[in-house]
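# Architecture and fold: a report
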Amino acid sequence: MVLSPLKLFGYALAFRFSSGRGRCFSPGIKAMLVWYGTRLRLLLLDWSAAKWWRGWFEAG
Amino acid sequence: MPDKLILRDWQQIRGWLEPRLQGVRLISLDIFDTVLGRYVGDPEEVQRAVCRAVSQRTGIDAETVWQARQHVEQALRAEAIQAGFDHECRYSSLLARWVAALEKEEEHHYALKHFILQTELDLEAATLYVKHDAQIFMAWVKEQNLPIIAMSDMYLDGELLCELLRRKGIVDYFSFVYVSADFKLGKYSGRLFEKMLQVNGLEGKDVVHIGDNPVSDRRMACRVGIQGIWLYEKAELRRRERQTLSAQMAQRGGIWVGRHFFECVATRMQQQDNLQPRSFFFRYGREVLGPAFSVFMQGLQERLQQQAAAEQPIEKLLFVARDGFLFERLYRTTAGQIPSEYVYLSRRVITAAATAEGLSWEQTIVAFYNPKQHGLESVCKVYGLPQETLQPLAQQHGFEDFAAPIHQWDDVRLHNFLNDQRVQTIIRREGQKHRALLQRYLEQVGFFAHQRVALVDIGWNGTVQKFLKQAFGQRADFPVLHGYYFAFVPKLYADFGENNVCEGIVHDSRRGNACERIPAEFEEIFEQGARSFEATTIAYREANGRVVPVLKADSAPDRQAELACNPLVAQMQQGIMHHWEHFNAVQQLTGYSSQQLLPYVHGLLERAVVYPTSEETRELTQLVHTEDFGHDHVLALANQSVGWGDLLHPRQLLRRLELSAWRYALFDRIPTGMANFAFRMAYLHTVKK
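Note that the structure is predicted; figures quoted are calculated from it, not measured.

### Considerations on the overall build of chain A
Broken down by element type, chain A carries three helices and zero strands. Starting at the N terminus and ending at the C terminus, chain A contains elements arranged as α-α-α.

### Section: the overall build of chain B
Helix and strand content of chain B: 27 helices and 17 strands. Seen along its three principal axes, the alpha-carbon backbone of chain B occupies a region of about 105 × 70 × 50 Å. Per-residue burial over chain B gives 44% buried out of 689 residues. Sequence separation of at least 24 residues holds for 71% of the intrachain contacts in chain B that already meet a minimum separation of 6.

### Points about the interface of chain A and chain B
Often, the extent of an interface is quoted as the loss of accessible area on bringing the components together. Taken residue by residue, the interface counts 27 residues in chain A and 37 residues in chain B. Of all the secondary structure elements, the ones that give two or more residues to the side of chain A that touches chain B are helix 1 (5-16), helix 2 (29-44) and helix 3 (47-59) of chain A. Here the element with the most residues in the side of chain A that touches chain B is helix 3 of chain A; it accounts for seven residues. Grouping the amino acids of the side of chain A that touches chain B by side-chain chemistry returns 17 nonpolar, six polar and four charged.

### Quick word on the environment of B:Q307
All names here are of chain B. For Q307, the location among the structural elements is in helix 13 (residues 280-309). What makes Q307 partly exposed here is the crowd of 17 C-beta atoms within 10 Å. Put simply, Q307 and D86 are 221 residues apart on the chain and 50 Å apart in space, counted from C-alpha to C-alpha. In contact with Q307, other than residues within four places in its own chain, are Q312, P313 and I314.

### So, the nonpolar core
Counting 191 residues, the largest nonpolar core has B:F293, B:F296, B:V320, B:V456, B:V506 and B:V601 as its most contacted members. Here this core gets twelve residues from one element, more than from any other, and that element is helix 13 of chain B.

### Points about the pairing of strand 5 (residues 148-152) of chain B
Residue and element names in this part refer to chain B. Examined bridge by bridge, strand 2 (residues 26-29) and strand 5 share three bridges and lie parallel to one another. For S28, the partnering residue across the bridge sits in strand 5 and is I149. Both strand 5 and strand 6 (residues 174-179) contribute to a ladder of five bridges, which runs parallel. Bridging across to strand 6, I148 finds its partner in F174. Chirality of the crossover, the property in question, places the unit of strand 5, helix 7 (residues 158-167) and strand 6 among those that are right-handed.

### Quick word on the sheet that holds strand 5 of chain B
Residue and element names in this part refer to chain B. Ordered by their spatial adjacency, six strands build an open sheet running 1-8-7-2-5-6, and the pairing between neighbours is parallel. Either end of the sheet is taken by a strand with one partner, and the two such strands are strand 1 (5-7) and strand 6. If you compare each strand with its neighbour and ignore which way they point, the axes differ by 25° on average. This element, helix 7, spans strand 5 and strand 6 of the sheet and lies at about 130° to strand 6.

### Looking at the confidence of the model for chain B
Per-residue confidence for chain B gives a mean pLDDT of 91; residues scoring 70 or more make up 97%. Among the prediction metrics, the complex's ipTM stands at 0.91, with pTM recorded as 0.88.

### Quick word on unusual backbone geometry
Residue and element names in this part refer to chain B. With omega at 0°, the peptide bond leading from A321 into R322 counts as cis. Residue position: R322 is located in the loop between strand 9 (316-320) and helix 14 (325-332). A cis geometry characterises the amide bond from G459 onward to W460, with omega recorded as 0°. The phi torsion at N145 lies on the positive side, around 60°, for a residue other than glycine. Tracing the backbone shows N145 in the loop between helix 6 (132-143) and strand 5. At N544, a position not held by glycine, the phi torsion is positive, near 50°. Looking at the element boundaries, N544 is found in the loop between strand 14 (537-543) and strand 15 (546-551). Take N544: there are 5 C-beta atoms within 10 Å of it, and that puts it in the exposed class.

### Structural notes on the domain arrangement of chain B
Taken domain by domain, chain B consists of domain 1 (1-244), domain 2 (314-548) and domain 3 (638-689). If you average the C-alpha positions of domain 2 of chain B and of domain 3 of chain B, the two centres end up 32 Å apart.

### Thoughts on the environment of B:G201
Residues and elements named next belong to chain B. Among the secondary structure elements, G201 is positioned in the loop between helix 9 (191-200) and strand 7 (207-211). In this structure G201 comes out as exposed when scored by C-beta crowding, with 7 C-beta atoms within 10 Å. Separated by 212 residues in the primary sequence, G201 and R413 have C-alpha atoms spaced 103 Å apart.

### So, helix 23 (residues 557-590) of chain B
All names here are of chain B. With 34 residues, helix 23 should cover 50 Å at 1.5 Å per step; its first-to-last C-alpha distance of 48 Å lies within 8% of that length. Where helix 23 bends most, at C565, the angle is about 45°, and the proline P567 comes one to four residues later. Remark: G591 follows helix 23 within two positions and exhibits a positive phi of approximately 75°.

### Describing the environment of B:N370
Locating B:N370 in the fold gives a position in the loop between helix 16 (361-365) and helix 17 (375-383). The partly exposed category is assigned to B:N370, around which 17 C-beta atoms lie within 10 Å.

### Topic: the sheet that holds strand 13 (residues 500-508) of chain B
Residues and elements named next belong to chain B. Spatially, five strands are ordered 10-9-11-12-13 in an open sheet, and the strand pairing comes out parallel. Every interior strand has two partners, whereas the edge strands, strand 10 (340-343) and strand 13, have only one. When strand polarity is set aside, the average angle formed by the axes of neighbouring strands in this sheet is 20°. As judged from the four bridges shared by strand 9 and strand 10, these two strands associate in the parallel manner.

### Examining the packing of helix 12 (residues 255-273) of chain B against helix 24 (residues 594-610) of chain B
All names here are of chain B. In the contact formed by helix 12 and helix 24, the axes pass within 6 Å of each other and the chain directions differ by 80°. Judged by the angle between their axes, helix 12 and helix 24 are roughly perpendicular. The residues of helix 24 that touch helix 12, namely those facing I255, V257, G258, R259, F261 and F262, are Q596, L597, P599, Y600, V601 and G603. Residue classes in the contact of helix 12 with helix 24 are distributed as eight nonpolar, three polar and one charged.

### Structural notes on the packing of helix 1 (residues 10-17) of chain B against helix 6 of chain B
Residues and elements named next belong to chain B. Between helix 1 and helix 6, the least distance of the axes is 9 Å, while the angle of their chain directions is 20°. In terms of axis orientation, helix 1 runs roughly parallel to helix 6. Contacts between helix 1 and helix 6 involve W10, I13 and R14 from the former and D133, A134, I136, F137 and W140 from the latter. For the contact of helix 1 with helix 6, a count of residues per class yields six nonpolar, no polar and two charged.

The rules we used
Residues numbered from 1 in each chain as written. Chains lettered and ligands numbered in written order. Predicted model: local features only at pLDDT ≥ 70, side-chain atom pairs only at ≥ 80, totals over all residues. Helix = DSSP H or I, 4+ residues; strand = E, 2+ residues; numbered from the N terminus. Buried ≥ 20, exposed ≤ 12 C-beta atoms within 10 Å, placed from the backbone. Contact = placed C-beta atoms within 7 Å. Nonpolar A, V, L, I, M, F, W, Y, C, P; charged D, E, K, R; others polar. Core = buried A, V, L, I, M, F, W, Y, C linked by C-beta atoms within 7 Å. Pairing = 2+ DSSP bridges. Right-handed = clockwise from strand over helix to strand, strands pointing away. Axes fitted to C-alpha atoms, helices over the stretch in contact; angles between N-to-C directions. pLDDT = per-residue confidence, 0-100. Domains from an automatic or database assignment. Expected span 1.5 Å × (residues − 1). Bend = angle between axes of the 7 residues up to and from the residue. Parallel < 35°, antiparallel > 145°, perpendicular 65-115°, else oblique.

Dropping the structure here:
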């Protein structure tokens, strides 16, 4: 079971709202944005699909 | 020119090939990412890992070793181009020059070459898995009596690639292996295909080549007349993209390192085990306790290495019963050189020996911490004292019912009872017997025969270590004692004395990190996961000139409950062992330290303890917990779940939460995990920051 960064961020918030320390297993907002941003980019700019189309045109 | 085919899986390839079999004389397969998949995204990670291993062996900085390899590789590739070949480099040539660059003494070359070669092959083999569908396809081709050859653009020599295929159990499918490194010709230029056709005396139309690269495996194959098929596996490509991203994020540190690591472990486990139906307890061991215990074992190994590097090596490892049982099993699977032993020690036998000088009031009240205590009867059970001898004396001091709970710890009757010299004489006599047997047992396991000994246990207070020092610390041969605990929470004692070092690897309350204290929130599950199937040690006895442990009888009520849970614990431990195997393989490859993995593991445990799934709550509460402190009680891991109506009775609710071993499981009936989150915050406010 691999935990999503968002869940880890959520769990760490309980520390943030109580002891004031939530860094130890928080992924960090910036890093999390990079992660989800890149995932979104990979989804939208699907390079493997682009390659497939290139191959398809080449085949044609 | 043949069709430029794009097919999405092996099933489609078979469907295309089946009606055309008559015209085909040879099937050619690309190997990497076509027949063999990788658990890690980048093949460079294997080379980096080899450099780290070389660095450890030679003492040369890993980056220098890496640079030397790169330099030699580039030189060889340049030479190949100059000689009119493709920019290829053969591993055996690379190895010879690389070793010469690293090691000046020629007589050491052979051993170093052998070491590097074996390490590289071992690591490559550890990162690769055979794609299930590809294997089914190859078996089908063999049934059609068609020969299969391997065609790979790879720096390993052909015979080394054969060795890899042998280790993966698929070498017999191939009649020949063409590797770009052997011929200095690549698929990407089409020249390796031409060479293959020439060697086999075939024409392009006789051959079908399948691979995952649209250029090398399809376009170039088709250019020389071979039917190239581009295997376009969308899910596999997505997985590789995710792996690459995960590896990039790991550069940022924090939880990302652990996340990348355990993603690789999960992929590896999934590829090898996904077809096996597994029980809940196996899965829980594999996915929750496995990462925690594995990172503990890695931390332990690192500490043992540090001791050796500081020329203060640990000479003997003692895994303390009963929760050191699993750790001892895990240690035995490593190449650890330190002699180790599973020792039958328990709080019960240690505290019994501690009464050799009499029983103080402070010692007595330890038995009353248990909410289910039975007064003096509990004291006798905790310290192994004879009830039948002490009972008449207790009566004289006003204890009519020997088993009545004592809630007023300052009870005058108790003070009078303890101040009675007849009572103390009986206790001392018994304590001295216990102590003498314990001493002989410790001598027998070699405790006093080494300068530096380590105790390995789950935690928590370090009672065994504390009392050992107290009872035998005056002996001149008492060793320097290192206690390595999964979690160390010294609530009962602060001072462990000189030359008596304790450390919690996954959690140490002295570090003051609130995020890592999660094992202390549900100690029982970690104890259950690590414990032995045997009963707790309640005393020692002599048998054939040796001191042997006396275990609690199977007829005891708590032991009965334990026996019923043993099959579930066994399944959990199988899961943990399974995780450990894959953990080691990935650790060797990535080289991450336990410190780098811990933040993610703490997050993983936070999820498991504070936000359990319904299935986890339902299954884990089947387990019962027992303790080795002389009581016969069993502890249920969770009481009845909290409902909305309970919120109307906050005091009762608070009391229930206080008494529960696993508080967060009580919110099982309230969906979304919001109640767990709110309670977690409230709880964190109350504990010491």
